[in-house]
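Each chain, written out:
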Amino acid sequence: MATQYETSASKSGANTIRATRDARTTIYKRPRPGESAIQGFLIFCGLLSVFTTLGIVYVLGSEALLFFSTGAVDLVEFFTAPRWQPQSGEFGIMPLVSATLMTTLFAMLVAIPLGLGAAIYLAEYAPERTRATLKPILEILAGIPTVVYGYFALTFMTPLLRAIFGQNTVSIYNVASAGLVMGIMILPTIASMSEDALSAVPRNLREASYGLGATKIETILKVVLPAALSGVIAAFIVGISRAVGETMIVALAAGAGPCILYGANSNCFQSFGAAETMTGHIVRISGGDLSYNSIDYNSLFAIGLTLFVFTLILNLISRYITNRFREVYQ
Amino acid sequence: MATVIDGEPEIKTFMPDEAAFKRGLAGRKTRGLVWQIFFIASIVIALLALAALFLNVVNSSFGLVASTFEIDPDEVVEGGDLQAASAEQLAAAIVRIRPNPSKVLVRDNLSSVPTNEFTTRPLSDVLSGHTIPPGIESKTINELTPEELGAVLAANLSTDTMLTYVSADIVGEDVLETYPLFDSLFNRGAIEAEVIEEFGGEAENVEVYFRSWLRPSFIVTKQSSDPIATGISTALLGTLWIVTITVLIAFPIGVGAAIYLEEYSVSKNPWAERFARVIETNIRNLAGVPSIIYGLLGLAIFVRALSAITSGAFLGLDGNGRTILSASLTMALLVLPVIIINAQEAIRAVPSSIREASYGLGATRWQTIWKQVIPAAMPGILTGTILGMSRAIGETAPLVVIGASTAIFTDPNGPFSSFTALPIQIYQWTARPQPEFRAVAAAAIIVLLVLLLLLNATAIFLRQYFRRQLQG
Amino acid sequence: MTQNGAYAFELKNVNIYYGSKLAVNDVNITIPNQKITAFIGPSGCGKSTVLRSLNRMNDLIASARLEGEVHFGGQSLYEQNVDPVEVRRRIGMVFQKPNPFPKSIYDNIAYGPRLLGVRSKSVLDDIVESCLKDSYLWDEVKGDLKKSGLALSGGQQQRLCIARTIAVEPEVILMDEPCSALDPIATQAIEELMRDLVKQFTIVIVTHNMQQAQRVSDFTAFYSIRKEEIAGGKENRWGILAEYAPTGRLFSNPASEETERYIRGEFG
């Protein structure tokens, strides 16, 4: 089996080559325990993410179950009661949800038009060097920790709003301030994802439009944007999801204490009033004294479960839109 | 459109004539200009917001401060200007006004002998490793004259440290009002007048001075409940401990998962393929879960269920599960999706020709991955890791839920310590209404941002380094 | 919409640059009205570049620059106050790879007229039907005009692009290798269509297929490449117009030897 094989280059190593060749006379599988062990470790790493999801679902579900099984509150009341006041036994989540929606609304009022506008500028108008400078700066905006944004909302945005609209209209803690700053924080995400979607539209579609005598803005609005629509919508939904899940900005600037949803003192929909969101509530309660076997503790997980389901649905819709309607250009 | 009827071309046109076309075109172009202004304005607003954010923070970190003092600073040092006092002056004041606590200062900050031997060992042992003024090496601490004790303090403690001690513990400074930097620089006169009117002047022990809330001593001073005396070393160490352990856990697992998904899941077995897709979908969903949910997960599992491990009980320590270890484990779960997704992309980008060459030489799968694929994918993997670390440094909500301490005054010294972190402190200080807490929060924010800046700069540098290695 | 005069385009001493690099040198050519003129030549000879300069499409490339004069209907296309949007409305273009918009067939064709302010549904219906008929596509799609333009076959898509182009009633149709992405049957359909369209429009077509040029065109311009060595062992290349003649004469009796060698397939 050992054939002589020598080239001038390998003469010095020929004996080594021949020796190893003789040793490798078999072509059959050999046990490689090292490989198997490594593969096992890698599979474990992959599985860990599944465990995480299962863990989240189990933890949120079981504690929420405990919450609902105490008899103090049932599902119907959870979703319809106008107040969240554990001291008086009222556990209506809708006040928290409506505050979340209010802040999200304000955030999207800022993030969607400005984010999309910035994306269009970067993708269609900006010269290459400007684009190369501006994109990292937007990344910086996206990388600033949210607690810093919370500080900004409380110490800059709120005084600004109070100066513009009057100290009597705008309370010190208000959803508008938190929402607007949240919008600034989310703007880079929407801009970045939208810009990717716009840049992915192939050049020949733009050329076809120009060839027909369209102006630049007509090409952008009537050809490029519709062609990129699924990516842009997905970006919006991701932005909404982030706004819903955001904690520190609303914890610092939106207010402590849930609002009242309906009835005589309802105040959940006042833009310049204070209201506590789902996330703000969780953070406030868990940041204080919390005994582990209280209904307060369990209620946190019920709120967490609602939040988790909410954002999960949003993210699934976003991914569905991206995959299903991924534009076929040719 | 020309249509032929009876051999004669009949020219029928739907399009507007020349004049109408020109009018229409002018309108179309104007619309285009308006939109263009809007698009540019969007970017400008984003940039302005970024600038406002930074300027606001800087504005709050430095500025004039109006304070009252329990003991008139004039009685502490000549001229009453504590900020300008020298180390010797401060040390002398400390020894004079608080003789015994000044020895406690030496014991806490400089002593390297056990507490019960502190008063009996000579200075050469007690102060080993520090500067000992000449002539007193053989004396014990209680044998020192006030001047000698003062010299010991002045030689070893920084002016800032002593100043902080003097301000907080001796003089009893209470901040009445802080003023932003911009006003402090340009409207000093007006501010001073306002202070006198509102709070009083020299007679009421009210003083106005310029204070840099962010100063070198701020970074190394332990936390205190008094904003004048507080520093962020406790929080900074907490953050560093948490981030380090987080990366140690998340990096191998994250890269491992990415390797599995990219290299091992492509097989003829359809179940393996499906399994990998499930994991991938799962990871992308996890990336979108709000961070506070991870906090709840960490609270229930790491802090409570696994408290025997996370509290260090199995090592004989007592305490609860609210430790750095719990925080790190939770953060690791949080940043795993980011690391995995980035590492996946990096690995996918490695050209298959490299793998084929390696396999062609008879290398096993792992050998190929370890020696060829991972090095080639390193820049992208590092990017993902740094992104994850940046998140771990900046995230607040999960840490609050897990139970970062609200009152902690000792620096963490291991994974089983109670912890606080930079963003937690910022949150807690910002939530207090008093202006001095806002100022300290602003200073802490600057430290946090600088930390992130250093981290990302390192990332860029490392990326370039690895890229050059690959091309070299 | 016939032009005054016999010439659709007149190019004088046209040089085209990309940045500092010369792409096409000293083109002088007059392109006649209501005829099909073909640009042929080896790859890289600049024939597409010259074609795209006729409707200012090169403007979309930031570094492109043109020297010389391009006259269309007595007007210079590259004067300061000329608006490319107007130019492109009167000089349409069909591209190498069919590029219908991801919209319905109807909306593809109605896109151009709508830009120009045509709103009435009945008018748009007429335009769509008449353009599809003139593009030999009506019978195949009349059942479902709402179908996406991308759902058509390659040949149908290209005819849709032609229909879209003629919907704005241009005077000229420029075609940049319109059949190179299509199979022979679809190619034949387009070539037949061209012979019909030339009754209404001037057509200039770039093609690398000499037989196609012989089949459809009335005039043929042959572009070729010139090189020069420069320092460092590199060479500059640019395109020139080598020969221009009525098609029959160019192919049967070319004036220059280079043209003959190209026609015989000796280089490409």
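Please refer to the structure higher up on the page.
These figures come from a predicted structure and were not determined experimentally. (Residues numbered from 1 in each chain as written. Chains lettered and ligands numbered in written order. Predicted model: local features only at pLDDT ≥ 70, side-chain atom pairs only at ≥ 80, totals over all residues. Heavy atoms only, no water.)

Asks: Would you mind showing me how to read the nonpolar core here?
Replies: Taken as a class, soluble globular proteins show a tendency for nonpolar side chains to be buried jointly. If you look at the biggest cluster of nonpolar residues, it comprises 268 residues, and the most contacted ones within it are F9 and F39 of chain C. Broken down by element, the residue count for this core peaks at 17 residues, all from helix α4 (residues 94–125) of chain A. Ignoring sequence-local partners within four residues, the contact set of F39 of chain C consists of I29, I31, K47, V50, L51, V204, I205, V206, T207, A221 and Y223 of chain C. (Core = buried A, V, L, I, M, F, W, Y, C linked by side-chain atoms within 4.5 Å. Buried < 20%, exposed > 50% of the residue type's maximum accessible area, 1.4 Å probe, protein only. Helix = DSSP H or I, 4+ residues; strand = E, 2+ residues; numbered from the N terminus. Contact = heavy atoms within 4.5 Å.)

Asks: Mind showing me how you'd approach the interface of chain B and chain A here?
Replies: Many authors give the size of an interface as the accessible area that is lost as the parts come together. Chain B puts 75 residues into the contact, and the matching count from chain A is 77 residues. A buried area of about 6,500 Å², summed over both sides, lies between chain B and chain A, and 76% of it is on carbon and sulfur atoms. Put simply, chain B and chain A have one salt bridge between them. We note a salt bridge from R28 of chain B to E218 of chain A, for which the minimum N-O separation is 2.6 Å. Inspection of the region where chain B meets chain A yields ten residue pairs in polar contact (both at pLDDT 80 or more). Looking at which element gives the most residues to the side of chain B that touches chain A, the answer is helix α1 (residues 18–61) of chain B, with 22 residues. A class-by-class count of the residues in the side of chain B that touches chain A yields 52 nonpolar, 16 polar and seven charged. (Buried area = accessible area lost by both parts, 1.4 Å probe. Salt bridge = Lys/Arg side-chain N within 4 Å of Asp/Glu carboxyl O. Polar contact = N/O pair within 3.5 Å; in protein donor to acceptor, adjacent residues only side chain to side chain. Nonpolar A, V, L, I, M, F, W, Y, C, P; charged D, E, K, R; others polar.)

Asks: How do you make sense of the packing of helix α17 (residues 365–394) of chain B against helix α20 (residues 435–471) of chain B when you look at a structure like this?
Replies: Residues and elements named next belong to chain B. The N-to-C vectors of α17 and α20 enclose an angle of 175°; their axes lie 9 Å apart at closest approach. Relative to α20, α17 is oriented roughly antiparallel. Of α20, the residues touching α17 (which contributes P375, A376, M378, P379, L382, T383, I386, M389, S390 and I393) are L448, L451, L452, L455, N456, A459, L462, R463, F466, R467 and L470. Grouping the amino acids of the contact of α17 with α20 by side-chain chemistry returns 16 nonpolar, three polar and two charged. (Axes fitted to C-alpha atoms, helices over the stretch in contact; angles between N-to-C directions. Parallel < 35°, antiparallel > 145°, perpendicular 65-115°, else oblique.)

Asks: Which parts of the structure should I look at to understand the packing of aromatic side chains?
Replies: The relative placement of two aromatic rings is captured by the distance of their centres and the angle of their planes. On inspection of all chains with the given rule, the structure shows 22 aromatic pairs over all chains. Their ring planes at 75° and their centres at 6.4 Å tell us that Y260 of chain B and F275 of chain B sit as a pair that is edge-to-face. Taken together, the residues Y260 of chain B in helix α11 (residues 233–264) and F275 of chain B in helix α12 (residues 270–287) connect sequence positions 15 residues apart. Judged by relative accessible area, Y260 of chain B falls into the buried class, the value being 4%. When its relative accessible area of 28% is taken as the criterion, F275 of chain B is described as partly exposed. The structure contains a cluster of three or more aromatic residues connected by ring pairs, namely F67, F68, F78, F79, W84 and F91 of chain A. If you follow R211 of chain B out to its NZ or CZ, it ends over the ring of W213 of chain B, 4.5 Å from the centre. Above the ring of Y106 of chain C, the side-chain terminus of K146 of chain C is found at 5.0 Å from the ring centroid. (Phe/Tyr/Trp six-rings, centres within 6.5 Å; stacked < 30°, edge-to-face > 60°. Lys NZ or Arg CZ within 6 Å of the ring centre and 35° of its normal.)

Honestly, that's just the spatial picture; any functional story needs more than this.
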